[in-house]
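Commentary on secondary and tertiary structure
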Amino acid sequence: SVVVTGHSLGGALANLCALNLYESGFHDFRLSTWGAPRVWGKSHSSRLHGYCEAKHHCIRWVNWGDFITTVPWSITGFRHVGSPRYIYYGRPTGNPMASLTNQPKKWSLLEYSQDMSAHPFNPLYHKTDNYIERLQKAMKALFNVVDPDA
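Summary of the structure given here. Keep in mind that what you see is a predicted model, and the values were worked out from it rather than measured. (Residues numbered from 1 in each chain as written. Predicted model: local features only at pLDDT ≥ 70, side-chain atom pairs only at ≥ 80, totals over all residues. Heavy atoms only, no water.)

Remarks on the overall build of the chain
To keep it simple, the criterion reads: Only DSSP runs of H or I covering at least 4 residues are called helices, and only runs of E covering at least 2 are called strands; the numbering of each starts at the N terminus. Here the term buried applies to any residue with accessible area under 20% of the maximum for its type, exposed to any over 50%, and partly exposed to those in between, with areas from a 1.4 Å probe on protein chains only. Contacts were defined at the residue level, with two residues in contact if any of their heavy atoms lie within 4.5 Å. With residues, only the protein chains shown are counted as cover, and all accessible areas are computed by Shrake-Rupley using a 1.4 Å probe.
On a plain count of helices and strands, the chain comes out with 3 helices and 5 strands. For the chain, the succession of helices and strands along the chain, N to C, is β-α-β-α-β-β-β-α. For the chain, the residues scored as buried account for 35% of the 150 residues in total. Put simply, 72% of the contacts in the chain that link residues at least 6 apart link residues at least 24 apart. Put simply, the chain shows about 9000 Å² of open surface, and 58% of that area lies on carbon and sulfur atoms.

Here's what the structure looks like:
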């Protein structure tokens, strides 16, 4: 089994590598990208997305607010593959009154079936260090997981 992973441009290259593996007949891999831009036109994304859907082996990690994951814009025909997981710290989404009711902010690692807009944009959220830091905070808050090396 092979894990193909990368951040930003490395995530885009990981997507290309995964499609190459798939089309070469190697179907024992996992794809995990971090802050990757859209790479695929519709036909290529459909081929790899079918594998990802069937095996549940492709995850796109997105820091909520990282705008690199929104380019190139989907209206230009570019697509992501894999299941998007958003690293988010804030009030529960879906409730427009949450900010007015003083609901506490919480960490979440939500999965969405579609791309969500990543507002408000924060260029710092794209840095690798921020992905690691925010994921560690979310894991500690949600699962009481503590990194022994931290």
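Back to the text.
Description of helix 2 (residues 42-55)
For the record, the criterion: Expected helix span is given by 1.5 Å per residue-to-residue step, counting one fewer step than there are residues. Consider a residue and the seven residues that end there alongside the seven that start there; fitting an axis to each set, the bend is the angle between those axes.
For helix 2, spanning 14 residues, the distance from its first C-alpha to its last is 20 Å, which sits close to the expected 20 Å at 1.5 Å a residue. Taking the largest bend as the criterion, helix 2 deviates by roughly 25°, centred on L48. Those residues of helix 2 not exposed but buried are S45, L48, Y51 and C52.

Quick notes on the environment of R38
Put simply, the rule reads: Identification of polar contacts relies on pairs of N or O atoms within 3.5 Å, with a donor-acceptor requirement for protein atoms, meaning one able to donate a hydrogen and the other able to accept it, and with residues adjacent in sequence counted only if both atoms are side-chain atoms.
When you line up the elements, R38 lands in the loop between strand 2 (29-34) and helix 2. Look at R38 and you get buried, because its relative accessible area is 9%. Here the side chain of R38 touches P72 through a polar contact of 3.0 Å, landing on its backbone oxygen.

Let's talk about the packing of helix 1 (residues 9-23) against helix 2
Put simply, the test is: Helix axes are fitted to C-alpha atoms over the stretch in contact, other axes to C-alpha atoms as well, and angles between N-to-C directions run from 0 to 180 degrees. Note on angle classes: values under 35 degrees are labelled roughly parallel, values over 145 roughly antiparallel, values of 65 to 115 roughly perpendicular, and the remainder oblique.
Where helix 1 contacts helix 2, the axes come no closer than 10 Å and their chain directions differ by 75°. Taken together, the axis directions place helix 1 and helix 2 in an arrangement best described as roughly perpendicular. Only H44, R47, L48 and Y51 of helix 2 make contact with helix 1, whose side of the interface consists of N15, A18, L19, Y22 and E23.

Notes on the state of the cysteines
Stated formally: Note on disulfides: each one is a pair of cysteine sulfur atoms within 2.5 Å.
Taken as a whole and assessed by the stated rule, the structure comprises 1 disulfide. Residue pairing for C52: its cysteine sulfur links by disulfide to C58, the two sulfurs lying 2.1 Å apart. Where C52 bonds to C58 through sulfur, the torsion about that S-S bond is close to -70°, and the disulfide is left-handed. Judged by its relative accessible area of 3%, C58 falls in the buried class.

Observations concerning the sheet that holds strand 5 (residues 106-111)
Operational definition: Any two strands with at least two DSSP-identified bridges between them are counted as paired.
If you walk across this open sheet you meet the 5 strands as 1-2-3-4-5, and the pairing is mixed. The open sheet has two free edges, formed respectively by strand 1 (2-7) and strand 5, since each of these has just one partner strand. Strand-to-strand, the axes of this sheet are offset by a mean angle of 15°, without reference to chain direction. In terms of strand pairing, strand 2 meets strand 3 (residues 58-63) through 4 bridges, oriented parallel. Residue pairing across strands places S32 opposite I59, the latter belonging to strand 3. Running at roughly 105° to strand 5, helix 3 (residues 128-143) makes contact with strand 1, strand 2, strand 3, strand 4 (83-90) and strand 5 of the sheet.

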